[in-house]
Amino acid sequence: MSIIGQSITRVDAEAKVRGQALYPGDVYLPDMLHMKVKFALRPHARVVKIDTSKAEALPGVILVLTARDVPVNEYGLGMYDQPVLCGPGGVKEYTDRVRFEGDQVALVIAEDEETAAKGRDLVDVEYEDLPGVYDPIEAMKDGAPLLHPDKGSNIFTRYRIRKGDIEEGFKKADVIVEGEYRTPAQEHAFLQPEAGVAYYDDQGRITVIVGGQWTHKDRDQIAHALNIPADQVRVIYPAIGGAFGGREDMSVQIILALAVMRLKEKGIDRPVKIVWTREESIIGHNKRHPFIFQTRWGATRDGKIVAAKVTVIADGGAYAYTTPKVLGNANLMCTGPYEIPNVWVDSFGVYTNNIPNGAFRGFGGPQSSFEAEMQVSKLAEKLGMDPVEFRMGNLLDEGALLSVGTPLPRGVSIKKVVQKCAETAGWTQTASGWQAPKVDAINGKWTGIGLACAFKNVGFSFGAPEQCTATIELHGEAEIDRVILKHSGAEVGQGSHTVFVQMAAEALGVPVDRIELVASDTAFSENSGSVSASRMTFMAGNSIRGAAQEALEKWEAEERPAISTYTYRPPKTSMYDPETGKSEPNFAYGYVAEAVKVSVDPETGEITLEDIVCADDVGKAINPQQVEGQIEGAIVQAAGYALLENFIQEQGITKTRTLSTYLIPTVLDIPKRVKPVVLEYADPIGPWGARGMGEMPYMPLAPAVITAVKNATGKWFDEFPLTPEKVLRGLGKIP
Amino acid sequence: MSLHRITLKVNGSTEIVDVPGNWTLLQMLREKLALTGTKNGCASGECGACTVIMNGDAVNSCMVLAAECEGAEIITVEGLSKEGQLDALQKFMIETGGIQCGFCTPGVLLSAKALLMRNPNPSEYDIREALAGNLCRCTGYNRIITAVQKAAAVH
């Protein structure tokens, strides 16, 4: 019987329920020192002077590090635009500036954490405050304070799409919907704050045990900043307490490595540990980008979308992080999974003195999905058409051209997905087309239903190098007794390691308990790429399948042990043409639709999510229980985004610095009923047909909820989160 | 900081610990007794990851001073299994898929255990109320509720 499609027990489950799984903060090494970071805590300033003498004089403080101690004082996932430590004395211009409150200025290493914290408070920093800019539209204007003067502008990324003739398109339109939408920031609020331990291993490598999403990229960024060869750095991921994109960019990786390097130069070869507090975590890592969309769409009387014009503005915050990639996604997805003959998109990523924004589940997709689905729902309303009927007439088919002038890869299932979602939620197909269900009344409340859909890439996009490597060793004599699978793919909670083992067992035809996984240690496992872009099952599966096949061939040829290292490379993608946007953006996609029934209390403004249907084409559910777990978790996270989570920064200072001021859903806040509908329309190049799926259920929830609220209240809300206050204000019940 | 000598029972065994007066129970468990199954998610009683059972009640161990624990009986996640056998709550958390990243899991298990110790037949609402202080960012909670219901059924 195939092991693919079985809900086997997670490989890490028992260690986690016994409290034996070690997270970065649980690593204690003999003779360990402790480190604290001096954060800027101001949004924009020049560091005039740093006086470390009082800190250094404190008994128990071993070393204080500042910008002068960083060999190459820059890092970043795509652009090296962020100093490791901000301060004077650098070779690179403008590294003496802090640009958001979480910029790091000094490191204090001491015998214990308490002393390190005291030492940090004794570091005197003299600042000259600079004017700040906190609104991306202000930041785009001439004369705005420049975050990075060397770049000459706060706009650091832009894309455009030009398809067809936009003016001709609008001339053909019988109805036009214009809108401006704003989407909020969101904090990942993974339960495990950033932490790590660094030391020199027995081969003299600087070794960092940390939670991240891409061991090899962490390693390379550490090596760059320390100006040492990458093979002198080793990154190990232990158990990781959630990520959701918030661990893609560096947090404590480089500073830990720097600390042990500088200590060793002073003859002190001791491990260093750091654990961020929740507040440090909240100001110290990126958020989901707030976006502004200015948009105008037109459709004909018979229900065809003929033109879409969108301006997309992403608040990048103080540094680039993944903005260029997030904006790339948003640029593509802001016209939805629809075939539109005339498209005009201008997208901008802009520096501000807010916390840098970056990767978060959906990666620009949820924001664009909100704008596109709101526009589509409003067009349907204006035409007097059922929203499902209207969508069905415009959704992309096999071979239809995207806004970027090329078709989606084969295996386009969005119409089937929307159909399945609508039927499950109670829509019916009548002679006159799709018809929405009646929503039961609830005493004293207003009720409504909404539906939205989305597409999302699987894997790296727009020409980014994309590959994933697996190593498989087969041991034994007559039979394969033991299999060693080496893979760097990170386990951040999503179940990747479990499905790796399942896929290896299937590819080799051995029971799962014969597979030993050596995971996420750059000393042993090769580059897998990141856990992001819903890519790991897809990419790891293909790498494991390739390695298994080669290893089995060697086994047949009597090699003992039979060892194969195999790198999977998917079909190539290409970057946007700078003028037209023409490109082959992605090699695979997942498709999703959600229908939501809500009730709204007209007195309190409170919204309850009564029923949610999520139809998600996952290609093939390798482990159905884990797939449903992703759907359920994504929906609750997206429900928080739509209704509850309200990340507030004022003049670059975060007001919501704790989990009692930044609220995420508790067990009392979850939807009443969630029905996952797992669809399996195989991806032609996915392993066993699997598509990626971790982000997809997140994507259409906010627009589905807000369309349902419109259905219940008669009011469109173009901004969220829909907190009770915002609802009452929208309904004119409070000023 | 002067040290306080505290005698308490942790997972059934008597421990004598010298701790600074400003240390929390959470710090003592992790730093002195090497019980790192109890997690620190916020150190301010907001996330529930550090939940343990103290004298029969679920508490946020980050909000209890170690010095208050003289004579107390503490159960941590390491004390849930008996002779290596998983507690029903642990078993059903695995079976229902109530675990993803696992960082909230120890606290969730202890909140649920305290509930079942005082109320062997909880309603769904009782379960939600007992878990209201335990944040989970991965699972969406439903499978956790199911796990507690199943454990209650065999309790």
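So, how was this worked out
Residues numbered from 1 in each chain as written. Chains lettered and ligands numbered in written order. Predicted model: local features only at pLDDT ≥ 70, side-chain atom pairs only at ≥ 80, totals over all residues. Helix = DSSP H or I, 4+ residues; strand = E, 2+ residues; numbered from the N terminus. Rg over C-alpha atoms; globule rule 2.2 N^0.38 Å. Buried ≥ 20, exposed ≤ 12 C-beta atoms within 10 Å, placed from the backbone. Contact = placed C-beta atoms within 7 Å. Expected span 1.5 Å × (residues − 1). Nonpolar A, V, L, I, M, F, W, Y, C, P; charged D, E, K, R; others polar. Pairing = 2+ DSSP bridges. Axes fitted to C-alpha atoms, helices over the stretch in contact; angles between N-to-C directions. Core = buried A, V, L, I, M, F, W, Y, C linked by C-beta atoms within 7 Å. Right-handed = clockwise from strand over helix to strand, strands pointing away.

> Mind laying out the overall build of chain A, listing which residues take part and the relevant values?
Check the secondary structure of chain A and you find 17 helices and 29 strands. The C-alpha atoms of chain A give a radius of gyration of 26 Å, which matches the 27 Å a tight globule of 735 residues would have. Across its three principal axes, chain A shows a C-alpha extent of roughly 80 × 75 × 55 Å. Within chain A, buried positions represent 63% of all 735 residues. Restricting to contacts in chain A with at least 6 residues of sequence separation, those with at least 24 account for 80%.

> Now, about helix α16 (residues 701–713) of chain A: what can you tell me, with residues and values included?
Residue and element names in this part refer to chain A. For α16, with 13 residues, the first-to-last C-alpha span of 18 Å sits near the 18 Å given by 1.5 Å per residue. With twelve of 13 residues buried, α16 lies mostly within the body of the structure. Of the positions making up α16, those classed as buried are Leu-701, Ala-702, Pro-703, Ala-704, Val-705, Ile-706, Thr-707, Ala-708, Val-709, Asn-711, Ala-712 and Thr-713. Positioned one or two residues after α16, Gly-714 has a phi angle of 80°, which is positive.

> Go over the interface of chain A and chain B, please, and point to the residues and values.
Across the contact, 45 residues belong to chain A and 39 residues belong to chain B. Mapped by element, the contributors of at least two residues to the side of chain A that touches chain B are α1 (13–17) and α15 (624–643) of chain A. Among the elements that line the side of chain A that touches chain B, the one with the most residues is α15 of chain A, at eight residues. Per-class residue counts for the side of chain A that touches chain B are 19 nonpolar, 18 polar and eight charged.

> Let's hear about the sheet that holds strand β23 (residues 515–519) of chain A: which residues, and what values?
All names here are of chain A. Spatially, the four strands line up as an open sheet ordered β23-β22-β21-β24, and their pairing is mixed. Each of the sheet's edge strands pairs with one partner strand only, and the pair in question is β23 and β24 (562–568). Between one strand axis and the next, the sheet turns through 20° on average, direction left out of account. As judged from the six bridges shared by strand β21 (residues 468–476) and strand β22 (residues 480–487), these two strands associate in the antiparallel manner. Within β22, the residue paired with Leu-474 across the bridge is Val-483. Sheet strands in contact with helix α13 (residues 496–508) are β21, β22 and β23, and its direction is about 135° off that of β23.

> Before we move on, could you go through the sheet that holds strand β12 (residues 272–275) of chain A and cite the residues and values that matter?
All names here are of chain A. In space, the seven strands of this open sheet follow the order β3-β5-β1-β12-β9-β10-β11, with mixed pairing throughout. At either end of the open sheet lies a strand with only one pairing partner, and these are β3 (61–65) and β11 (233–236). Here the average twist between neighbouring strands, direction ignored, is 20°. Bridge count for strand β1 (residues 33–39) against strand β5 (residues 104–110) is six bridges, and the pairing is antiparallel. Its bridge partner lying in β5, His-34 is registered against Ala-110. Contacts from helix α6 (residues 215–226) reach β10 (206–210) and β11, with the element oriented near 145° to β11.

> Kindly report on the nonpolar core, identifying the contributing residues and their values.
Generally speaking, a soluble globular protein has its nonpolar side chains buried in company with each other. All names here are of chain A. Formed by 300 residues in total, the largest nonpolar core has its most connected members in Val-108, Ile-109, Ala-257, Ala-259, Ala-504, Ala-642 and Val-705. A per-element tally of this core places α15 first, with ten residues. Setting aside its immediate chain neighbours within four residues, Ala-259 contacts Met-35, Leu-65, Leu-107, Ile-109, Ala-198 and Val-272.

> Give a detailed account of the pairing of β10 of chain A, specifying residues and quantitative values.
All names here are of chain A. The buried fraction of β10 is high, at five of five residues. Here β10 shows a buried face lined by Ile-206, Val-208 and Val-210 and a second buried face lined by Thr-207 and Ile-209. Two elements, strand β9 (residues 195–200) and β10, share five bridges in a ladder whose sense is antiparallel. Within the sheet, the bridge partner assigned to Tyr-200 lies in β10 and is Ile-206. Remark: five residues form the turn of the hairpin made by β9 and β10, two consecutive strands paired antiparallel; Gly-204 in that turn has positive phi of roughly 80°. As defined by bridge partners, β10 adjoins β11 across four bridges and the pair is classed as parallel. Of the residues in β11, the one forming a bridge with Val-208 is Val-235. A crossover connection joins β10 to the parallel β11 through α6; in handedness this β-α-β unit is right-handed.

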